[in-house]
Amino acid sequence: MGGHVSSCDISPSDSFKIWLVPRAVFFEPFENEKLPSHQELRSEGKLHAQNVSASDLLLGQLTQILVISHRWLSAHHPDTHQDSAGEQLQAIRTFLHEHTTIEYVWIDYCSMPQKLKDQDGIVLLPLDEEDQLYFKHALQLVNLLYLFLPVLVLLDADYGSRFWCNYESFLATHSFDGKQLVTADTAHISIACLGSYARNTPKVQQKQKELLVDSWTDATVDEAFDILGGQDIKVTNQSDKDEQLLRLRALETLLQEVFSHIPAEVQQRSLVRVPSGTQASPETADVMSDTRSNRSENEGQRSALGKALISLSKRVVAHHLEERRMSSRGSVGGKGG
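The chain carries the name Heterokaryon incompatibility domain-containing protein in an unreviewed UniProt entry, which gives Noctiluca scintillans as its organism.

Enquirer: Just checking my understanding: could you explain the sheet that holds strand β12 (residues 189–193) for this structure?
Expert: The strands making up a sheet associate through hydrogen bonds between their backbones, and the pairing can be parallel or antiparallel. The strand order β2-β1-β6-β3-β9-β12 describes an open sheet built from six strands, whose pairing is mixed. Each edge of the sheet is formed by a strand with only one pairing partner; in this case those strands are β2 (48–52) and β12. For this sheet, the mean inter-axis angle between neighbouring strands, taken without regard to orientation, is 35 degrees. Helix α3 (residues 87–98) contacts β3 (65–69), β6 (104–106), β9 (151–155) and β12 of the sheet and is inclined by roughly 140 degrees relative to β9.

Enquirer: Where do I start with the environment of Ile-92 in this structure?
Expert: Tracing the sequence through the fold places Ile-92 in helix α3. With 60 residues separating them along the chain, Ile-92 and Leu-152 place their C-alpha atoms 8.2 Å apart. Apart from the residues within four sequence positions on either side, Ile-92 is in contact with Phe-26, Ile-68, Ile-107, Leu-152 and Leu-154.

Enquirer: Quick question: what am I supposed to make of the packing of aromatic side chains here?
Expert: In this description, an aromatic ring pair is defined by two values, namely the gap between the centres and the angle between the planes. Evaluation of the coordinates by the stated rule reveals seven aromatic pairs. Ring geometry for Trp-72 against Tyr-109: centres 5.5 Å apart, planes inclined by 80 degrees, an arrangement best described as edge-to-face. Remark: Tyr-109 occurs in helix α4 (residues 108–111) and Trp-72 occurs in the loop between β3 and β4 (80–81); sequence separation between them is 37 residues. Looking at Trp-72, the relative accessible area reads 28%, which means it is partly exposed. Aromatic pair Phe-176 and Phe-259: ring centres 5.8 Å apart, planes at 80 degrees, arrangement edge-to-face. Taken together, the residues span a long stretch of sequence, with Phe-176 in strand β10 (residues 174–176) and Phe-259 in helix α9 (residues 238–260) at a distance of 83 residues. An aromatic cluster of at least three residues, connected via ring pairs, comprises Phe-163, Trp-164 and Tyr-167. Here the basic side chain of Arg-42 rests over the ring of Trp-19, its NZ or CZ set 6.0 Å away from the ring centre.

Enquirer: Looking at this structure, how should I read the nonpolar core?
Expert: Judged by nonpolar contacts, the single largest core of 81 residues is most densely connected at Phe-26, Leu-57, Trp-106, Ile-107 and Phe-170. Per-element tally for this core: the top contributor is helix α5 (residues 129–148), with ten residues. With residues up to four places along the chain from it excluded, the contact list for Phe-26 reads Val-21, Leu-35, Leu-89, Ile-92, Arg-93, Leu-96, Val-105 and Ile-107.

Enquirer: Explain helix α8 (residues 221–228) here, please?
Expert: Those residues of α8 lying buried are Val-221, Ala-224, Phe-225 and Leu-228. One side of α8 carries all its buried residues, which in axial view fall inside an arc of 105 degrees. Elements that come into contact with the buried residues of α8 comprise α6 (163–172), β11 (181–183), α7 (202–217) and α9.

Enquirer: What exactly am I supposed to notice about the packing of α8 against α9 here?
Expert: When two helices pack together, their arrangement is given by the angle between their axes and by how far apart the axes lie. Where α8 meets α9, the closest approach of the two axes is 9 Å, and the angle between their N-to-C directions is 170 degrees. Relative to α9, α8 is oriented roughly antiparallel. Across the interface between the two elements, Val-221, Asp-222, Ala-224, Phe-225 and Leu-228 of α8 pack against Lys-241, Leu-245, Leu-246, Leu-248, Arg-249 and Glu-252 of α9. In terms of residue class, the contact of α8 with α9 is made up of seven nonpolar, no polar and four charged.

Enquirer: Just to check I follow, could you spell out the pattern of salt bridges for this structure?
Expert: A pair can form between side chains of opposite charge whenever their charged atoms are brought close. Here the structure, examined in full by the defined rule, presents eight salt bridges. Between Asp-131 and Arg-42 there is a salt bridge, with the nearest N and O atoms lying 2.9 Å from each other. In this pair, Asp-131 is assigned in helix α5 and Arg-42 in helix α1 (residues 38–43), connecting sequence segments 89 residues apart. The salt bridge partner of Arg-249 is Asp-222, with a shortest N-O separation of 3.5 Å.

Enquirer: Hey, could you run me through a nonpolar patch on the surface in this one?
Expert: Taken together, the side chains of Leu-116, Ile-122, Leu-124 and Leu-125 present a nonpolar region at the surface, about 400 Å² in accessible area. Mapped onto the elements of the fold, Leu-125 is located in strand β8 (residues 123–125).

Enquirer: For this particular structure, what's the right way to read the environment of Asp-232?
Expert: Within the secondary structure, Asp-232 is located in the loop between α8 and α9. Asp-232 sits in the exposed class, given a relative accessible area of 57%.

Enquirer: Looking at this structure, how should I read the pairing of β2?
Expert: Every regular strand shows the same layout, with side chains that alternate between the two sheet faces. Of the two faces of β2, only one is covered, namely that formed by His-48, Gln-50 and Val-52; the face formed by Ala-49 and Asn-51 stays uncovered. Bridging between strand β1 (residues 16–22) and β2 involves five bridges; their strand directions are antiparallel. Counted as the bridge partner of Lys-17 is Asn-51 from β2.

Scoring rules and cut-offs
- Residues numbered from 1 in each chain as written.
- Predicted model: local features only at pLDDT ≥ 70, side-chain atom pairs only at ≥ 80, totals over all residues.
- Heavy atoms only, no water.
- Pairing = 2+ DSSP bridges.
- Helix = DSSP H or I, 4+ residues; strand = E, 2+ residues; numbered from the N terminus.
- Axes fitted to C-alpha atoms, helices over the stretch in contact; angles between N-to-C directions.
- Contact = heavy atoms within 4.5 Å.
- Phe/Tyr/Trp six-rings, centres within 6.5 Å; stacked < 30°, edge-to-face > 60°.
- Buried < 20%, exposed > 50% of the residue type's maximum accessible area, 1.4 Å probe, protein only.
- Lys NZ or Arg CZ within 6 Å of the ring centre and 35° of its normal.
- Core = buried A, V, L, I, M, F, W, Y, C linked by side-chain atoms within 4.5 Å.
- Arc of directions from axis to C-beta.
- Parallel < 35°, antiparallel > 145°, perpendicular 65-115°, else oblique.
- Nonpolar A, V, L, I, M, F, W, Y, C, P; charged D, E, K, R; others polar.
- Salt bridge = Lys/Arg side-chain N within 4 Å of Asp/Glu carboxyl O.
- Patch = residues over 30% accessible without salt bridge, like charges linked within 9 Å, V, L, I, M, F, W, Y side chains within 5 Å.
- Areas by Shrake-Rupley, 256 points an atom, 1.4 Å probe, with all protein chains shown as cover.

Structure (structure tokens):
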């Protein structure tokens, strides 16, 4: 378990920091079965801070980390609704029981700083400057976690109407082949039915899971961009949706640039994925062992990868923003013609 680490050390360097919840924390007793917030867990020294590089993700070296895709049931807490609480927590516990190789979990409420809100969503305590800087930076990079790490989807009846949920499902059903996003091994994504879905028969639940996967498996980046941009795909902060759509459009270009910094003899390793909760084949285990033993030789490469990731992301997004502004100006001028 990692000690307390300041959340202000954010810079465009060779890696970015993510806050992880050790698996043991999920089995602690919580009041009303409600997961504590990021700030609560951090102040108690219960979070593990880990620096993650683009090469770590591309080379599949972090499969011991599980990422959670879920919707928020209320404005002030993701796992509390009216008189019920803890259903999402219990689903995560069940998954961890069944997948003993998972050491850490990334879940937004615990892994990113949160504003303190009342039950009506009114902000009682905003983020301080350090946490606000970290939150803004992490939001630029969180999509990579859903693309490259094992993902557990907590699926309920409203999941399919939310922007972040759909975006995360698209990423979780895809991988990167060195040139573009392609359909991923289905072992990359696991799904647990919650709410009214959990009360259906096992056969119906299986169909609901398959429908979610089928909805995104064959979608291209352009198709996902159009679907996610729809007005019926809801989001709390429209600015988040606008920014993430721009990053989605630029994602393949970004990954191509990062991938180009990896030596040719190592690139093939990035296509090897060890599914969550399964045992690696001898061949895969050898590749991962060899990769770890050579990690010290790749520090310079990791630095270049990380810098390319941040700088290119900013350049590409800025380019798309400029295109949007120019298009808007042209449209305004054209109306008078």
